[in-house]
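One letter stands for each residue in the lines below.
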Amino acid sequence: MKLLSISKICLKVTSVTFFCFCAFIVEAQQKSIQQKVDSVLKLMTLDEKIGQLNQYSGDWDFTGPITADGDKQQQIMDGLVGSMLNVTGVEHTRMLQSLAMKSRLRIPLLFGQDVIHGFRTTFPIPLAQSASWNPELIEKAERVAGTEASAYGVHWTFSPMVDIARDPRWGRVMEGAGEDTYLGSLIAAARVKGFQGKGYGDTAAVMACVKHFAGYGAAIGGRDYNSVDMSLHNLWEFYLPPFKAAVDAGVGSVMNSFNDLNGIPATGNRYLMREVLKGKWNFKGIVVSDWGSVGEMVNHGYAANQRDAAKIAINAGCDMDMESRCYKNHLKDLLRTGEVKLSTIDAAVKTVLKTKFELGLFDDPFRFCKASRQDNQTHHPENRKVAFEMAEKSIVLLKNENQVLPFNKKMKKIAFIGPFVKSVRDHLGFWSMEWPDDTATIVTLWDGLKNALGKDVELKYAKGCNVNDQDSSGFAEALQIAADADLVLLSMGEARDMSGEAKSRSQLHLPGVQESLIHAMHQLGKPVVLLIHAGRPLIFDQPASQVEAILYAWWLGSEAGNALAAVLTGKYNPSGKLTMSFPRTEGQIPIYYNHLNTGRPASSATDVNYVSAYTDLLNTPRYPFGFGLSYTDFSYGDILLDKTSFHSGETIKASITITNTGDYDGEETVQLYLRDITASLARPVKELKDFKKIFLKKGESRTLVFNLNVEKLKFYNERLEYKAEPGAFELMIGPDSETLKKVNIQYN
Ligand code: NOJ
């Protein structure tokens, strides 16, 4: 793990000795931290040790049931609590840290919080951010989130969530980076770097926690907390790499998961935590349970009782118990009977103490709670700028018939209709902080567009309907203002509490009477532009055919109104691309682009002749992975190769020329996919292996060169060895996962 003071010292030495010196210093610092940890550990009673493994939630905010079991404040003073979650703000953290300073050994508390898409400044939800395909910008956003959170006394964020998700019924798809492992891994590393900044010594950084280890995104039927049944091959090939990327990026902690994986709850899964994470990957940070998940192993039918659950979890490698109290209530007795070894408890305690030393909390327990830093980070204008850029780049243009967007000068009267036009909390989305002054933290769509359009355009508003009920009494007013307008702008979607934890849904159509309202607007014969706000891919096949343009606008956060206004008016040319396949209907789920070919693949979207297809449904998604339009057009030349076959140690160069043939300057994400045609295991029909973002002025052309080496061909074979197999591959390049130019290459 990087330490801030090290880099300062290292700057002063010459480049030749630089790396050796750094390595030496890191080792020395780690050594000295280990010595300090050991010396504290020697002073600790068993109760105090177990206390370090115990994490409570503050009472004023929680994401699960709180067990009322006496006075937490007294327990902190007794040294029986190692960490608190859901406690933020200088006042609260300082108050609780002061209690910890009254404990016998004055071991500071660690404050954790779910900082999922921004802290005070709210960013687009993570799934939306992933649509930017811009890890650098995502890193910048997390830098802001980490800086703000740390200024509010937070040391530790339970983020990033890197669960690969192929099922939009699962409400938690909003927290991740979508269905692709390669992109998900890049984003996982970017988020960790963003949160952890210059390292733990930096007060403007928080420790990241990659979650949920592992497999949670594959909950059966998309039902939250459900079981996961998956081959080890799929686990290693698709679900584990983003975790590995986070570990390689230096993530300080890992959260295990609510689900069982092939019958063994992740929280008690020795294979995952001891063999893979702490073994093969040599991870040295904290492993924390999910909320109450230690105790939930009893419900799973894997632990006989809470005592058994504590034994299983700690022996399997779970260091800290979030909110189940199993460790607090049972570890002492488990040690007495020899079911848990002292060395196991000590190893977990050392990890927690080490982190507290690295964060500098032993030097100054209050270093993260300074009122001046908190004030400075509240409504910081620079943070809003990053939120704005992130929001603009998250928006995906799905349809734009007759170039109805951006608004043209002829549009003098616009009817702005829908339940989200003036809404505040919905645009902040699930997993956003509750603030007393929410209205000050968000630019509504109404305000954003009104400011952008100025006085030249008459903007009229009607709510039309609520998000999710059967009341259509508002239609008449909406139709009236629409009838008088040049263009109808509809703002539809899901409310903020319809995607997120415990928000699985089986019906993903636009809720309530929204589809009927769209239909009614369509019948007016005016151009209709549809904005969709949601935490997941929704289903809107029918409405899509009744509007001229669609912008998928997610939950965009604090700058929602300004970002959408920039896109609608053409100040920003949309560049987002979907990171999940959008189904036509719920019956297609799970749906993902990197599926296997099967023995009877359909020859076209409509082929149903004894092939792998639905007889009552097209075989393709409504919008494929990687898809997103621009106001301009990009044409793709043919793929040129410097050679058609290569050996290990060689690189193939694949080049392609992209031309902006439309009327606007714009950004394109050029995607490269590979298919291993024949292998020892059936391989996906395509897999994203690389992408490049380019900005082209109107009329401009540029040739991009992709370098492909053997690493890109590797996969986990039947024995879980990560290897490339010689043979033929298809190399594809294009603007999305379906519109691709193809060539064949050979690996010998
Ligand atoms: C439960 C969620 O699964 C997890 O992601 C979150 O970090 C904890 N609650 C704490 O809020």
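Since the model is a prediction, treat every value here as computed from it, not as a measurement.

What counts, and where the lines are drawn
- Residues numbered from 1 in each chain as written.
- Predicted model: local features only at pLDDT ≥ 70, side-chain atom pairs only at ≥ 80, totals over all residues.
- Heavy atoms only, no water.
- Buried < 20%, exposed > 50% of the residue type's maximum accessible area, 1.4 Å probe, protein only.
- Helix = DSSP H or I, 4+ residues; strand = E, 2+ residues; numbered from the N terminus.
- Pairing = 2+ DSSP bridges.
- Phe/Tyr/Trp six-rings, centres within 6.5 Å; stacked < 30°, edge-to-face > 60°.
- Contact = heavy atoms within 4.5 Å.
- Domains from an automatic or database assignment.
- Buried area = accessible area lost by both parts, 1.4 Å probe.
- Salt bridge = Lys/Arg side-chain N within 4 Å of Asp/Glu carboxyl O.
- Polar contact = N/O pair within 3.5 Å; in protein donor to acceptor, adjacent residues only side chain to side chain.
- Nonpolar A, V, L, I, M, F, W, Y, C, P; charged D, E, K, R; others polar.
- Axes fitted to C-alpha atoms, helices over the stretch in contact; angles between N-to-C directions.
- Parallel < 35°, antiparallel > 145°, perpendicular 65-115°, else oblique.
- Left-handed = near helix turned anticlockwise from the far one by under 90°.
- Core = buried A, V, L, I, M, F, W, Y, C linked by side-chain atoms within 4.5 Å.

J.: In this structure, what is going on with the pairing of strand β20 (residues 652–660)? I would like to understand it.
T.: Regular strands have side chains that alternate between both faces of the sheet. Extensive coverage of β20 is indicated by the burial of 7 of its 9 residues. Bridge count for strand β18 (residues 640–641) against β20 is 2 bridges, and the pairing is antiparallel. From the neighbouring strand, Leu 641 faces β20, where its bridge partner is Ala 654.

J.: Would you mind going over the packing of aromatic side chains with me for this structure?
T.: In this description, an aromatic ring pair is defined by two values, namely the gap between the centres and the angle between the planes. Within the structure shown, the criterion is met by 29 aromatic pairs. On the basis of an interplanar angle of 65° and a centroid distance of 5.0 Å, the ring pair of Trp 156 and Phe 158 is categorised as edge-to-face. Of the residues examined, Trp 156 reaches a relative accessible area of 0% and is grouped as buried. The exposure class of Phe 158 is buried, given its relative accessible area of 0%.

J.: I keep staring at helix α13 (residues 306–316) and nothing clicks. Help me out?
T.: Since there are 3.6 residues in each turn of an α-helix, residues three or four apart along the chain are aligned in direction. A large share of α13 lies buried, amounting to 8 of its 11 residues. Taken residue by residue, α13 has Asp 308, Ala 309, Ala 310, Ile 312, Ala 313, Ile 314, Asn 315 and Ala 316 as its buried positions. Elements that come into contact with the buried residues of α13 comprise α11 (270–280), α12 (297–300), α14 (326–336) and α15 (342–358). Taken from the residues just after α13, Gly 317 is the one with a positive phi, measuring 115°.

J.: Could you clarify how one ought to interpret the domain arrangement of the protein chain in this entry?
T.: For interface size, the figure often reported is the accessible area lost on association. The assigned domain composition of the protein chain is domain 1 (1–43), domain 2 (45–373), domain 3 (384–588) and domain 4 (634–747). Taking only C-alpha atoms, the centre of domain 3 and the centre of domain 4 are 34 Å apart. Every contact between the two is made by 6 residues of domain 3 and, on the other side, 8 residues of domain 4. Between domain 3 and domain 4 the total buried area reaches about 550 Å² when both faces are included, carbon and sulfur atoms providing 41% of it. When the area that domain 3 buries against domain 4 is broken down by residue, the three leading residues are Asn 573, Ser 575 and Lys 577, summing to 70%. Our count for the domain 3 to domain 4 interface comes out at 1 salt bridge. Note that Glu 668 and Lys 577 form a salt bridge whose closest N and O atoms lie 3.0 Å from each other. If you look at where domain 3 meets domain 4, you find 4 residue pairs in polar contact (both at pLDDT 80 or more). When grouped by side-chain class, the residues that make up the side of domain 3 that touches domain 4 number 2 nonpolar, 3 polar and 1 charged.

J.: Can you help me understand the pattern of salt bridges in this one?
T.: If charged atoms from side chains of opposite charge come close, those side chains can pair. Scanning all chains against the criterion turns up 41 salt bridges. Of the charged contacts, one joins Lys 370 and Asp 364 as a salt bridge, the two residues approaching to 3.4 Å between their closest N and O atoms. Residue Lys 370 is classed as partly exposed on the basis of its relative accessible area of 33%. On the accessibility criterion, Asp 364 (26% relative accessible area) is partly exposed. The salt bridge partner of Glu 494 is Arg 505, with a shortest N-O separation of 2.6 Å. Note that Glu 494 is positioned in the loop between β14 (487–493) and α22 (514–522) and Arg 505 in the loop between β14 and α22, a separation of 11 residues in sequence. Both residues of the pair, Glu 494 and Arg 505, belong to the buried class.

J.: What should I look at first to understand the packing of helix α21 (residues 475–483) against α22 in this one?
T.: A packed helix pair is summarised by two numbers, namely the angle formed by the two axes and the spacing between the axes. At a minimum axis distance of 10 Å, the contact between α21 and α22 shows a crossing angle of 30°. Relative to α22, the element α21 lies roughly parallel. The element α21 and its partner α22 pack so that their crossing is right-handed. Along its contact with α21, which presents Phe 475, Ala 478, Leu 479 and Ala 482, the element α22 presents Ser 516, Leu 517, Ala 520 and Met 521. Split into classes, the residues belonging to the contact of α21 with α22 amount to 7 nonpolar, 1 polar and no charged.

J.: Would you mind showing me how to read the environment of Ile 656 here?
T.: With respect to the helices and strands, Ile 656 occurs in strand β20. According to the relative accessible area criterion, Ile 656 is buried, its value standing at 0%. In sequence terms Ile 656 and Lys 741 are 85 residues apart; their C-alpha atoms lie 9.6 Å from each other. With residues up to four places along the chain from it excluded, the contact list for Ile 656 reads Tyr 636, Gly 637, Asp 638, Ile 639, Arg 702, Thr 703, Leu 704, Phe 706, Ile 733 and Lys 741.

J.: Just checking my understanding: could you explain the nonpolar core for this structure?
T.: Taken as a class, soluble globular proteins show a tendency for nonpolar side chains to be buried jointly. Formed by 169 residues in total, the largest nonpolar core has its most connected members in Phe 213, Leu 405, Ile 417, Leu 489, Phe 540, Tyr 552 and Trp 554. In terms of residue count, helix α24 (residues 560–568) provides more of this core than any other element does, 7 residues in total. With sequence-adjacent residues up to four places away left out, Ile 417 is seen in contact with Ala 462, Lys 463, Gly 464, Ala 478, Ile 481, Ala 482, Val 488, Leu 489, Leu 490, Ser 491, Leu 517 and Met 521. Counting 25 residues, the second-largest nonpolar core is a separate cluster that includes Ile 652, Leu 696, Leu 713 and Ile 745.

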